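Structural description and commentary
Single-letter residue listing:
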Amino acid sequence: MTTPLICRRLPRLTLLVLLTTVLVGATVILRPVANQAQAAPAKFAHPGVTVSQAQLDFARTKVNAGAQPWKGAYDQMIASKYADLNRTPKPRATVECGSYSDPNYGCTDEREDAIAAYTDALAWYMTRDSRYDQKAIQIMDAWSGTITSHTNSNAPLQTGWAGSSWPKAAEIIKYTYTGAWANSGRFATMLRNVYLPVVIKGSNSNGNWELSMMEAAVGISVFLEDKTSYDTAMAKFRTRTAAYVYLDSDGSMPKTVPSQNLDTTAKIVSYWQGQSTFVTGLTQETCRDFTHTGYGISAISHVAETSRIQGQDLYGTDGGERLRQALGFQSKYQLGTAVPSWLCGGSVNLGLGPVTEVGFNALHNRLGIAMSNTQTLTQQQRPAGSNNLFVAWETLTHGDNPN
């Protein structure tokens, strides 16, 4: 999809397309208008989970030309353990994941096999080497013929993480590989029966949980062409995004998810890790650590990107503004800006991870919005690799990608 030229020249107008102006004396206050319902597309675009056909074609052209940063990103990917053609998948009928994956019965194996399937799908697309598409199919077939459930306390998050990578791999293989994938129907059944019922319920835990679960639900819905689930997941996503990233326009306190019953200031402050001063760009987990915050930011960008591919661009809405501000706020401190005493008691736990490429490309490169801190951090971290959970190779797929 090509962004109209006017959007690149007038990014502020694009960002404020859903804002109304309220005059109070001589002061102009911009207030977000409630997001309109994002209905599922009349026809789903494929491949259409986080990365589109046009984006894949752009990256492939750049890699074949030896252009940077794409060639370096490709080389990083192809040298990783995830692209190893000797990889043996390790499926389990029941994956058991406790808190912080303790116990870890298949948790790492499942997440990393899902990333490997996506890696092999990308490698197939870039090289047209059939060994990679066959490896991706082997991994997906192994799991679809085995897994039946996830258990223990981290089961919802585990389902969301693995469920975010599986449809990205499957979309590329199903819609670009010209050979036969005999068990694609069984794989779809796995997503529908094992993953979707878990993630679509959402979570009342920390915000990155539900955001990752909605990323999985949206991606699975695209692959299954399930409009009802897509709409349900998008509604939960919009509510959770508004409750995860604070904007000054929210008022004195952050928005909340109604089902969490955060109905007092004390409850909200506790849920926001003890932070009682709220400023634009702060997230619900900033004062926990930047790593978990990065999970939430990444999931927001992935859902927004999938929605854009499916024909409904969220980047110019309230959600896009929250993503922009969250990226900028966290990037500033990740780059070394001194932490003020009012923020997280004067210190933050860094480690944002390789999560900035998708949002930065959409907001800065497509819409033309200045994002100096996010730009500096993104370029410093290139090529962005994998967080070994659900993020992988986004300099390759989204770095400076105009499509």
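Residues numbered from 1 in each chain as written. Predicted model: local features only at pLDDT ≥ 70, side-chain atom pairs only at ≥ 80, totals over all residues. Heavy atoms only, no water.

**Let's talk about the environment of Lys135**
Note that Lys135 resides in helix α6 (residues 130-144). Residues Lys135 and Ala117 lie 18 residues apart in sequence; the distance between their C-alpha atoms is 7.3 Å. Lys135 has contacts with Asp84, Leu85, Asn86, Arg87 and Asp120, leaving out every residue within four places of it along the chain. (Helix = DSSP H or I, 4+ residues; strand = E, 2+ residues; numbered from the N terminus. Contact = heavy atoms within 4.5 Å.)

**Quick notes on the sheet that holds strand β5 (residues 94-97)**
Here three strands make up an open sheet; going across it, the order is β6-β5-β7 and the pairing mixed. Two strands in the sheet have a free side with no partner beyond their single neighbour: β6 (104-105) and β7 (149-151). (Pairing = 2+ DSSP bridges.)

**Some points on the side chain of His302**
Within the secondary structure, His302 is located in helix α12 (residues 290-309). Given a relative accessible area of 0%, His302 falls into the buried group. A polar side-chain atom of His302 sits 2.5 Å from a polar atom in the side chain of Glu394. The contacts of His302, once residues within four sequence positions are left out, are Thr50, Glu215, Val358, Phe390, Val391 and Glu394. (Buried < 20%, exposed > 50% of the residue type's maximum accessible area, 1.4 Å probe, protein only. Polar contact = N/O pair within 3.5 Å; in protein donor to acceptor, adjacent residues only side chain to side chain.)

**Things to note about helix α8 (residues 184-199)**
Its 16 residues give α8 an end-to-end C-alpha distance of 21 Å, which sits within 8% of 22 Å, the value for a rise of 1.5 Å per residue. The sharpest bend along α8 comes to roughly 30°, located at Arg192. The set of residues buried in α8 consists of Phe187, Ala188, Met190, Leu191, Val194, Tyr195, Leu196 and Val199. Close packing links the buried residues of α8 with α5 (107-127), α6, β7, α7 (155-176), α9 (207-224) and α10 (227-244). (Expected span 1.5 Å × (residues − 1). Bend = angle between axes of the 7 residues up to and from the residue.)

**So, helix α15 (residues 372-381)**
If you check which residues of α15 are buried, you get Thr374, Leu377 and Thr378. All buried residues of α15 project into a common sector of 100° when viewed along the axis, lining one side. Facing away from the buried side of α15, by more than 90 degrees, are the exposed residues Ser372 and Gln380. If you follow the buried residues of α15, they end up packed against α13 (318-334) and α14 (357-366). (Arc of directions from axis to C-beta.)

**Section: the environment of Gly346**
Turning to its location among the elements, Gly346 is positioned in the loop between α13 and α14. Spatially, the C-alpha atoms of Gly346 and Cys287 are 9.9 Å apart, while their sequence positions differ by 59 residues. The contacts of Gly346, once residues within four sequence positions are left out, are Val339, Pro340 and Ser341.

**Section: the pattern of salt bridges**
Any two side chains of opposite charge can pair, on the condition that their charged atoms come close. Going through the model one piece at a time under the given rule, you end up with 15 salt bridges. A salt bridge links Asp226 to Arg192; its shortest N-O distance comes to 3.3 Å. Of this pair, Asp226 sits in the loop between α9 and α10 while Arg192 sits in helix α8, and the two are 34 residues apart along the sequence. On the basis of relative accessibility, which here comes to 14%, the residue Asp226 falls in the buried class. A residue is classified by how much of its surface remains accessible, and Arg192, at 38% relative accessible area, is partly exposed. Ionic contacts of the salt-bridge type, sharing partners, join the residues Asp250, Asp318 and Arg322 into one network. (Salt bridge = Lys/Arg side-chain N within 4 Å of Asp/Glu carboxyl O.)

**Observations regarding the environment of Met140**
Positionally, Met140 belongs in helix α6. Between the C-alpha atoms of Met140 and Pro91, which are 49 residues apart in sequence, the distance is 9.5 Å. In this structure Met140 touches Ala117, Trp166, Ala169, Ala170, Ile173, Trp181 and Phe187, once residues within four positions along its chain are discounted.

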